[in-house]
Amino acid sequence: MARPFEISVPDAQLHRLQQRLITATFPDELDDAEWDIGVPLEEMKKLVTYWRDTFNWRQKEQELNERLNQFLVPITVTGFGGLDVHCLHHTSRNPNAIPLLFIHGCRPD
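In this text the structure is predicted, and so the values were computed from the model without any measurement.

Caption draft 1: Representation of the packing of aromatic side chains in the model. Per the counting criterion, the structure on display carries three aromatic pairs. Relative to Phe55, the ring of Tyr50 has its centre 6.0 Å away and its plane inclined at 65°; by these criteria the two rings are edge-to-face. A residue is classified by how much of its surface remains accessible, and Phe55, at 23% relative accessible area, is partly exposed. Grouped by ring-pair contacts, the aromatic residues Tyr50, Trp51, Phe55 and Trp57 constitute a single cluster.

Caption draft 2: Expanded view of the side chain of Glu61. By the secondary structure assignment, Glu61 is in helix H3 (residues 57-67). Setting aside anything within four residues of it in sequence, one finds Glu61 in contact with Ile7, Ser8 and Val9.

Caption draft 3: Structural detail: a negative patch on the surface. A cluster of like negative charges, contributed by Glu29, Asp31, Asp32, Glu34 and Asp36, occupies part of the molecular surface. By the element assignment, Glu34 lies in the loop between helix H1 (11-22) and helix H2 (41-53).

Caption draft 4: Representation of a nonpolar patch on the surface within the structure. Together, Leu17, Phe26, Trp35, Val39, Met44, Leu47, Tyr50 and Trp51 make up an exposed nonpolar region whose accessible area comes to about 740 Å². With four residues, H2 is the single largest residue contributor to the nonpolar patch.

Caption draft 5: Geometry of the pairing of strand S2 (residues 70-77). Note that strand S1 (residues 3-4) and S2 share two bridges and pair antiparallel. In the sheet register, Pro4 faces S2, and the bridge partner there is Phe71. Where S2 meets strand S3 (residues 81-88), eight bridges bridge the pair, whose relative direction is antiparallel. Its bridge partner being in S3, Ile75 is matched across the sheet by Leu83. Hairpin geometry of S2 and S3 is characterised by an intervening segment of three residues between the two adjacent antiparallel strands and by a positive phi of about 90° at Gly79.

Caption draft 6: The arrangement of the environment of Arg67 in detail. For Arg67, the position within the fold is in helix H3. Residue classification places Arg67 among the exposed residues on the basis of a relative accessible area of 70%. Considered as a pair, Arg67 and Phe5 are 62 residues apart in the sequence and their alpha carbons are 12 Å apart.

About the cut-offs
Residues numbered from 1 in each chain as written. Predicted model: local features only at pLDDT ≥ 70, side-chain atom pairs only at ≥ 80, totals over all residues. Heavy atoms only, no water. Phe/Tyr/Trp six-rings, centres within 6.5 Å; stacked < 30°, edge-to-face > 60°. Buried < 20%, exposed > 50% of the residue type's maximum accessible area, 1.4 Å probe, protein only. Helix = DSSP H or I, 4+ residues; strand = E, 2+ residues; numbered from the N terminus. Contact = heavy atoms within 4.5 Å. Patch = residues over 30% accessible without salt bridge, like charges linked within 9 Å, V, L, I, M, F, W, Y side chains within 5 Å. Areas by Shrake-Rupley, 256 points an atom, 1.4 Å probe, with all protein chains shown as cover. Salt bridge = Lys/Arg side-chain N within 4 Å of Asp/Glu carboxyl O. Lys, Arg positive; Asp, Glu negative; His and termini not counted. Charge placed at Lys NZ, Arg CZ, Asp CG, Glu CD. Pairing = 2+ DSSP bridges.

In structure tokens, the structure reads:
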């Protein structure tokens, strides 16, 4: 039977992330690499700065919990036993909408 779920990241985990962002070091970038071999260094630095100094995880967590109908659904997978699958249920306002199923993976620490 599906159980209601809310996102709730432990403070300790957010603290570890913040420490990693504060102490992040960056490699030298190859000349003219652009996006050919990954995210350009300056773009990555902007992203780290945003996550470190601006992004408010608790606010986003609250918004997601208020806007999304979330559930954990128990399933049994051969070779893995019982697993709880995180699901969102959202009904479209469009009666002719095509049902969508998105699947994601996550590895807890």
